Amino acid sequence: MRQLFNSAIIKLTLAYTAILLLVSLIFSISFYQVSIRELDANFNAQTQRIEGRPGLFQNIEDRVSFLHERRQELAESKDKLWGRLVLVNLLMLFGSSLLSYYLAKRTLQPIEQAHDAQSRFTADASHELRTPLASMRAEIEVLLRSKKISKADYQQLLSSNLEELHKLTGLSDALLKLARRDEGVQESFSSINLGVLITSIKKTLSATIKDKKIHFDAKIPKNYHVSGDPQAVKEMLLILVENALKYTPSKGKVNVTARKRGRNIVVEVADTGIGIEASKLPHIFERFYRADSSRGSSKNGYGLGLAIASQIAQMHEAQISVASKVGKGTTFKVVFCKTSFKKK
Ligand code: ADP
């Protein structure tokens, strides 16, 4: 693939150079023709002036030699002009090659970056798929090798494999969602009441809130609406609230608020959890990035939640950002610009 990029850069460089050189040649030829015409016209005017004043030279030889000198000067000027234009075009060839190479690299850079990201994504996805599969395989092999297998052993194997299968299903669902949205699948937009949405998220997560004894508070004015795909917006906020609950120790606090800023609505999901190191914050929305874990740790997911959230935000022209302090907590902010504040 790298070779393909290099050859694309060379091809594009040659194409750009050819275009720039063609422009320069057309300009040079036109300039040369106009200049030659000027020089000839000048010479003819001088000749006519001399012929109109026969007393200007003492004898005919002087006149002939004067005209001969002028003609020579004219030929030299033409040669000089030609030489300079050739030199200018050679310099142009050198300069335009460098410029073309730079332009070609810049043109192909986004494609190269997208390709690199895609390769990284494929490698990460394969790794994540292999890990649970390898662990399932190892467990099955160990059990098959043992001489005496009890019913309890089978049950343990099946429940462990089932857990891995759940994880794999979750992973493939997340990958599918990302891929479908990358493809630009059109989702149907409508007006979403944020208050109603947060209430339903709270209901979905009520068991976790209760289990962890989290103090959950949601303050959303009743008339706050955003335009978007209801399922996708719910998914985005669900990811943020789920993370807040996941990374907040029991008896901690999670607050969801919404406020108006001009025509925008700013939704904040704040927790009093473990926080994220400053050096890791810039990567938090990258696919498969996990701030605090070795791969496969049971507490963490696959590092795809925030990537999906950010993709959904982008789809809705909303801005998503994060601020965090280790040991104090994290606040995710989503700024929606497609909003309305109707009463109902
Ligand atoms: P995961 O499924 O691993 O939670 P996410 O993409 O949702 O993946 O989050 C990426 C990483 O960001 C997490 O692994 C975690 O380290 C960090 N993170 C996300 N939300 C929070 C939060 N509210 N508090 C602390 N860390 C968080």
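In what follows, the structure referred to is the one given above.
All values derive from a computational prediction rather than experimental measurement.

Thoughts on the side chain of Ser 96
Here Ser 96 shows up in helix H2 (residues 60-145). The class for Ser 96 is buried, based on a relative accessible area of 3%. A polar side-chain atom of Ser 96 sits 3.3 Å from the main-chain carbonyl oxygen of Leu 93. With near-sequence residues (within four places) excluded, Ser 96 lies in contact with Thr 17 and Leu 20.

Some points on the pairing of strand E7 (residues 329-336)
Burial within E7 is extensive, with 6 of its 8 residues counted as buried. Of the strand pairs in this sheet, strand E5 (residues 264-271) and E7 are connected by 6 bridges, and their pairing is antiparallel. Looking across to E7, one finds that Val 269 is bridged to Phe 332. Pairing of strand E6 (residues 319-325) with E7, which is carried by 7 bridges, proceeds in the antiparallel orientation. The partner of Lys 325 across the bridge, within E7, is Gly 329. Hairpin remark: E6 followed by E7, antiparallel, with 3 residues in the connecting loop; positive phi at Gly 327, about 85°.

A look at the site of the ligand
In the vicinity of the ligand lie 21 residues, with Asn 243, Tyr 247, Asp 271, Ala 291 and Leu 306 positioned nearest. Within the contact set of the ligand, an oxygen atom lies 3.1 Å away from a side-chain nitrogen or oxygen of Lys 246. Between an oxygen atom of the ligand and a main-chain N or O atom of Ala 291, the distance comes to 3.1 Å. Elements represented by at least two residues in the shell around the ligand include exactly helix H6 (230-246), helix H7 (305-315) and E7. Considering only residue class, the shell around the ligand consists of 10 nonpolar, 7 polar and 4 charged.

Quick look at the sheet that holds E6
Here 5 strands make up an open sheet; going across it, the order is E2-E4-E5-E7-E6 and the pairing mixed. In this open sheet, the two edge strands, each paired with only one partner strand, are strand E2 (215-219) and E6. Between one strand and the next, the sheet's axes are offset by a mean angle of 15°, whatever the strand orientation. In this sheet, E5 lies alongside strand E4 (residues 253-261) in antiparallel orientation, the contact comprising 8 bridges. Paired with Lys 260 across the bridge in E5 is Ile 265.

As for the packing of aromatic side chains
Two numbers describe a pair of aromatic rings. These are the distance of the centres and the angle of the planes. Taken as a whole, this structure holds 5 aromatic pairs when the rule is applied. For the pair Phe 121 and Phe 288, a centre-to-centre distance of 5.6 Å together with 40° between the ring planes defines the contact as tilted. Residue Phe 121 is found in helix H2, and its partner Phe 288 is found in the loop between E5 and H7; the two are separated by 167 residues along the sequence. You'll find Phe 121 and Phe 288 in the same group, each marked buried. For the pair Phe 285 and Phe 332, a centre-to-centre distance of 6.2 Å together with 85° between the ring planes defines the contact as edge-to-face. Of this pair, Phe 285 sits in the loop between E5 and H7 while Phe 332 sits in strand E7, and the two are 47 residues apart along the sequence.

Conventions adopted
Residues numbered from 1 in each chain as written. Predicted model: local features only at pLDDT ≥ 70, side-chain atom pairs only at ≥ 80, totals over all residues. Heavy atoms only, no water. Helix = DSSP H or I, 4+ residues; strand = E, 2+ residues; numbered from the N terminus. Buried < 20%, exposed > 50% of the residue type's maximum accessible area, 1.4 Å probe, protein only. Polar contact = N/O pair within 3.5 Å; in protein donor to acceptor, adjacent residues only side chain to side chain. Contact = heavy atoms within 4.5 Å. Pairing = 2+ DSSP bridges. Near = heavy atom within 4 Å. Nonpolar A, V, L, I, M, F, W, Y, C, P; charged D, E, K, R; others polar. Axes fitted to C-alpha atoms, helices over the stretch in contact; angles between N-to-C directions. Phe/Tyr/Trp six-rings, centres within 6.5 Å; stacked < 30°, edge-to-face > 60°.

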